[in-house]
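# Topology and contacts: notes
Here is what each chain is made of, one letter per residue.
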2 protein chains.
Amino acid sequence: MIPVTRPFLPPRDRLEYYLDRVYASRQLTNNGPLVQELTSRLEEHLGVENMLLVGNGTLAIQIAAKALGINGGTAVTTPFTFPATSSALAWQGVEPRYADIDSATLNLDPASAAQIVDASTNALVPVHTYGNPCAVEAFEDLARKRNLKLIYDASHAFGVDYKGRSLLRWGHAATISFHATKLFHSGEGGAVVFRDSSDLEVAHRMINFGFRDGMPVEVGINAKMSELHAAMGLAVLESVDEIIEQRCAVRNQYRRELGDWVEMPEFSADASLNGAYAPILCRDMAHRNRVREQLARGGYDSRGYFYPALGTLGLYSRQFTDAGRQQADRVLCLPIFVGLTSPQIHDICNIVKSATPDK
Amino acid sequence: MIPVTRPFLPPRDRLEYYLDRVYASRQLTNNGPLVQELTSRLEEHLGVENMLLVGNGTLAIQIAAKALGINGGTAVTTPFTFPATSSALAWQGVEPRYADIDSATLNLDPASAAQIVDASTNALVPVHTYGNPCAVEAFEDLARKRNLKLIYDASHAFGVDYKGRSLLRWGHAATISFHATKLFHSGEGGAVVFRDSSDLEVAHRMINFGFRDGMPVEVGINAKMSELHAAMGLAVLESVDEIIEQRCAVRNQYRRELGDWVEMPEFSADASLNGAYAPILCRDMAHRNRVREQLARGGYDSRGYFYPALGTLGLYSRQFTDAGRQQADRVLCLPIFVGLTSPQIHDICNIVKSATPDK
């Protein structure tokens with residue numbers, strides 16, 4: 001079965017180069033030289049400041065929330081994403097509440113978010129789903145007017161520029177995942193990009209037991225990235241431009257071949273693309289299931305990312321969001337990874353078309 | 001400067017063998033084959049069941065507490081340990097409260113713990129400090145009588161048997177750290193050993209976003225160990241008997257040469273030793289500082305583990321514990337690691353003696 005994604009493995013000798021350095025330094029963790037190098041190389045590559053590397057993308061959300069002082073209360077977020085965003089907030093004692101998404105972009109709708117902000121709301125946590133920028137100006141405005149903290153979950157948005165600068169520069173903090181399945185990865189890993197360096201300083205202590213100058217001065221945990229993961233990240237980073245180029249080529253072929261057959265989410269015209277996902281919108285759940293089955297029969301995996309809509313789980317919030325639910329029932333993500341060939345993509349497109357007879 | 005500890009680096013070709021397997025499986029995380037293999041090899045090596053590998057030893061405490069249903073309230077714990085134990089509880093919304101330690105063993109005193117158990121207490125969280133077993137029978141009794149959850153922080157206790165079986169088998173859960181500085185390590189990593197398999201099942205879901213059969217059914221985070229860290233763990237595990245043997249030899253030489261000069265914590269006669277630390281008890285803080293300075297002048301690092309007593313920080317609890325504070329002011333941990341030579345140990349002992357003139 002061709003998977004829906006496949007981790008990029010850097011050339012082995014490149015990984016070995018960094019492992020040599022780990023063996024030479026004898027430092028395996030605790031803000032070691034490779035973590036420091038990866039931090040500065042990512043900041044330079046992405047054009048951001050105040051980046052903190054952490055153990056994974058979920059810890060990034062937990063640390064961002066705690067460092068920004070979001071304690072208890074509720075956060076308005078999207079029902080249309082991976083459960084980690086809501087779950088990380090809930091774990092921190094911040095109840096996620098769902099506003100609806102924009103049916104075209106599949107991102108959290110700022111107007112809907114504004115409607116459910118109330119006295120309990122401490123934060124907005126929109127997600128740049130599929131690496132497609134949210135309506136950042138509207139959320140900025142809403143956060144300022146209602147005095148809310150604004151955290152973007154930018155887990156899918158590595159390398160995306162919006163109006164010519166990194167999308168990660170929006171919000172009081174933006175979090176990102178470097179999980180193995182992400183286009184840039186460190187095996188496990190993640191980061192927070194803070195707007196203010198003072199928040200970065202607090203977070204730096206929080207990921208290391210709250211230590212300052214060898215003494216604990218606040219509540220903290222261990223959310224550090226290790227040198228082994230930094231080694232993997234540094235090895236992958238050297239290929240990341242090529243990875244994005246190849247993934248965008250896959251995405252573009254899907255758009256070309258399937259654009260007249262199925263709907264697709266509307267991506268921002270002001271942003272660069274990164275090819276994080278290849279989502280299509282089937283007509284309904286029955287159509288989606290048919291496409292999935294026929295792809296599986298042809299040897300291709302596909303996934304209903306992000307089904308089900310999180311508001312329907314009864315787990316974090318009892319609110320319903322119509323567009324979120326409707327689109328979650330229709331969406332299907334097609335295979336996209338470095339190494340997927342053009343004939344394979346063509347084959348996948350033909351299967352999708354054959355499962356969609358009455359164009 | 002000779003460090004107080006130094007991470008053990010496994011032979012590089014042994015690490016490469018496991019990395020070959022990572023490259024062959026293309027799986028970098030998500031309960032991959034190496035994590036599964038390390039789990040079963042550790043269970044066999046230690047003689048335990050229901051082990052869950054996690055990202056680090058602090059996450060192990062967080063996951064154990066949450067999986068055992070400890071929500072809010074307070075936990076009785078020791079002021080004489082690394083701050084992570086208290087901080088992990090506090091992060092989870094469980095307030096740590098300090099009872100006093102036994103002056104001889106430096107472990108939490110069950111009688112003192114019993115005195116401060118009240119209606120707010122949900123759990124006991126003793127630490128097997130320096131790998132020296134707590135009074136496990138007394139804590140078992142107290143937990144049963146007062147209907148409390150019992151979690152041992154066994155971060156220092158890798159490989160310690162108590163009355164012929166693994167110390168990790170005590171408590172509703174025992175947590176352990178596999179941080180690079182520990183005698184067995186995976187770079188970053190940790191584990192929880194649960195008494196009941198039903199708690200293990202809950203925790204298994206919690207470290208993977210609360211998923212069961214592909215659907216989130218409860219609040220979870222990402223606390224998984226990656227395949228890279230499992231590779232390091234598997235490579236180190238092959239040397240662990242030798243590591244413990246060498247560390248115990250270091251410890252024994254210190255005891256032999258310094259036993260008449262300085263006090264040392266009293267270790268359980270019913271337990272095996274693992275050489276996790278080499279603590280001595282100076283006469284007072286002034287003596288400790290003098291020893292530290294003279295060691296530093298001789299080129300040897302040493303550390304006041306675990307100074308200061310946590311109750312004195314004003315961070316987690318305002319309680320005071322006399323013995324905890326008194327012993328924290330006196331304690332000093334001497335260098336102990338694989339590769340420290342007998343002449344170096346002898347040199348260290350001579351410096352300690354020379355800083356302790358009036359035997």
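What counts, and where the lines are drawn
Residues numbered from 1 in each chain as written. Chains lettered and ligands numbered in written order. Predicted model: local features only at pLDDT ≥ 70, side-chain atom pairs only at ≥ 80, totals over all residues. Heavy atoms only, no water. UniProt positions renumbered as here; feature names shortened; annotations may be inferred. Helix = DSSP H or I, 4+ residues; strand = E, 2+ residues; numbered from the N terminus. Buried < 20%, exposed > 50% of the residue type's maximum accessible area, 1.4 Å probe, protein only. Contact = heavy atoms within 4.5 Å. Areas by Shrake-Rupley, 256 points an atom, 1.4 Å probe, with all protein chains shown as cover. Lys, Arg positive; Asp, Glu negative; His and termini not counted. Charge placed at Lys NZ, Arg CZ, Asp CG, Glu CD. Buried area = accessible area lost by both parts, 1.4 Å probe. Salt bridge = Lys/Arg side-chain N within 4 Å of Asp/Glu carboxyl O. Axes fitted to C-alpha atoms, helices over the stretch in contact; angles between N-to-C directions. Parallel < 35°, antiparallel > 145°, perpendicular 65-115°, else oblique. Left-handed = near helix turned anticlockwise from the far one by under 90°. Expected span 1.5 Å × (residues − 1). Core = buried A, V, L, I, M, F, W, Y, C linked by side-chain atoms within 4.5 Å. Least-squares fit on C-alpha atoms with pLDDT ≥ 70 in both. Domains from an automatic or database assignment. Polar contact = N/O pair within 3.5 Å; in protein donor to acceptor, adjacent residues only side chain to side chain.

The name an unreviewed UniProt entry assigns to chain A is DegT/DnrJ/EryC1/StrS family aminotransferase, from the organism Marinobacter halodurans. According to the UniProt record, the Sequence similarities (unreviewed entry) comment for chain A is "Belongs to the DegT/DnrJ/EryC1 family."

## Regarding the overall build of chain A
Across its full length, chain A carries 12 helices and 13 strands. In terms of overall dimensions, chain A has C-alpha extents of about 70 × 55 × 35 Å along its principal axes. With 359 residues in all, chain A has 62% of them scored as buried. Here the analysis covers contacts within chain A between residues at least 6 apart in sequence; of these, 71% occur between residues at least 24 apart. Surface accessibility of chain A: about 12,800 Å² in total, with carbon and sulfur atoms responsible for 45%. Within chain A, the 40 negative side-chain charges are centred at a point lying 3 Å from the centre of the 35 positive side-chain charges.

## Overview of the interface of chain B and chain A
Facing the 54 residues of chain B at the interface are 54 residues of chain A. Contact between chain B and chain A buries roughly 5,000 Å² in total, counting both sides, with carbon and sulfur atoms accounting for 67%. The largest share of the area that chain B buries against chain A comes from Tyr23(B), Arg26(B) and Trp91(B), three residues that together contribute 19% of it. The interface formed by chain B and chain A holds 4 salt bridges in total.

## Quick notes on the packing of helix 8 (residues 227-237) of chain A against helix 8 (residues 227-237) of chain B
Interhelical geometry of helix 8 of chain A versus helix 8 of chain B gives an angle of 130° and a closest axis separation of 9 Å. In terms of axis orientation, helix 8 of chain A runs oblique to helix 8 of chain B. Crossing of helix 8 of chain A over helix 8 of chain B shows right-handed handedness. On helix 8 of chain B, the residues touching Leu228(A), His229(A) and Met232(A) of helix 8 of chain A are Leu228(B), His229(B) and Met232(B).

## Quick look at helix 1 (residues 12-25) of chain B
Residues and elements named next belong to chain B. Between its terminal C-alpha atoms helix 1 stretches 20 Å, which fits the 20 Å expected from 14 residues at 1.5 Å a residue. Among the residues of helix 1, those classed as buried are Arg 14, Leu 15, Glu 16, Tyr 18, Leu 19, Val 22 and Tyr 23. Backbone geometry just downstream of helix 1 places Arg 26 in the positive-phi region, at approximately 55°.

## A word on the nonpolar core
Among the nonpolar cores identified, the biggest contains 150 residues, and Phe158(A), Phe184(A), Phe158(B) and Phe184(B) are the most heavily contacted of them. Ranked by size, the runner-up nonpolar core spans 58 residues in total, among them Ile61(A), Ile151(A), Phe194(A) and Ala64(B).

## Regarding the relation of the copies chain B and chain A
Mapping chain B onto chain A calls for a screw motion: a turn of 180° about the axis and a shift of 0.0 Å along it, with 0.0 Å RMSD after fitting. Accordingly, the operation relating the two chain copies is best matched by a two-fold axis. Taking the C-alpha atom as reference, chain B places Leu228(B) closest to the rotation axis, 3.4 Å from it. Residue by residue, 100% of the interface of chain B is reproduced at the interface of chain A, so both copies engage with the same surface.

## Focus on the domain arrangement of chain A
Many descriptions give the size of an interface as the accessible area lost when the pieces come together. All names here are of chain A. Considered domain by domain, chain A is made up of domain 1 (12-98 + 106-237) and domain 2 (240-354). Relative placement of domain 1 and domain 2: their C-alpha centres are 25 Å apart. Taken together, the contact pairs 34 residues of domain 1 with 32 residues of domain 2. For the pair domain 1 and domain 2, the summed buried area comes to about 2,800 Å², and 65% of that belongs to carbon and sulfur atoms. In terms of surface lost to domain 2, no three residues of domain 1 exceed Tyr 98, Tyr 130 and Leu 183, which account for 29% of the buried area on that side. Summed over the shared surface of domain 1 and domain 2, the number is 0 salt bridges. In this structure, the connection of domain 1 to domain 2 is made through 11 residue pairs in polar contact (both at pLDDT 80 or more). Those elements that place two or more of their residues in the side of domain 1 that touches domain 2 are helix 4 (84-91), strand 3 (95-98), strand 6 (161-162) and helix 8. Top element by residues in the side of domain 1 that touches domain 2 is strand 3. It accounts for 4 residues.

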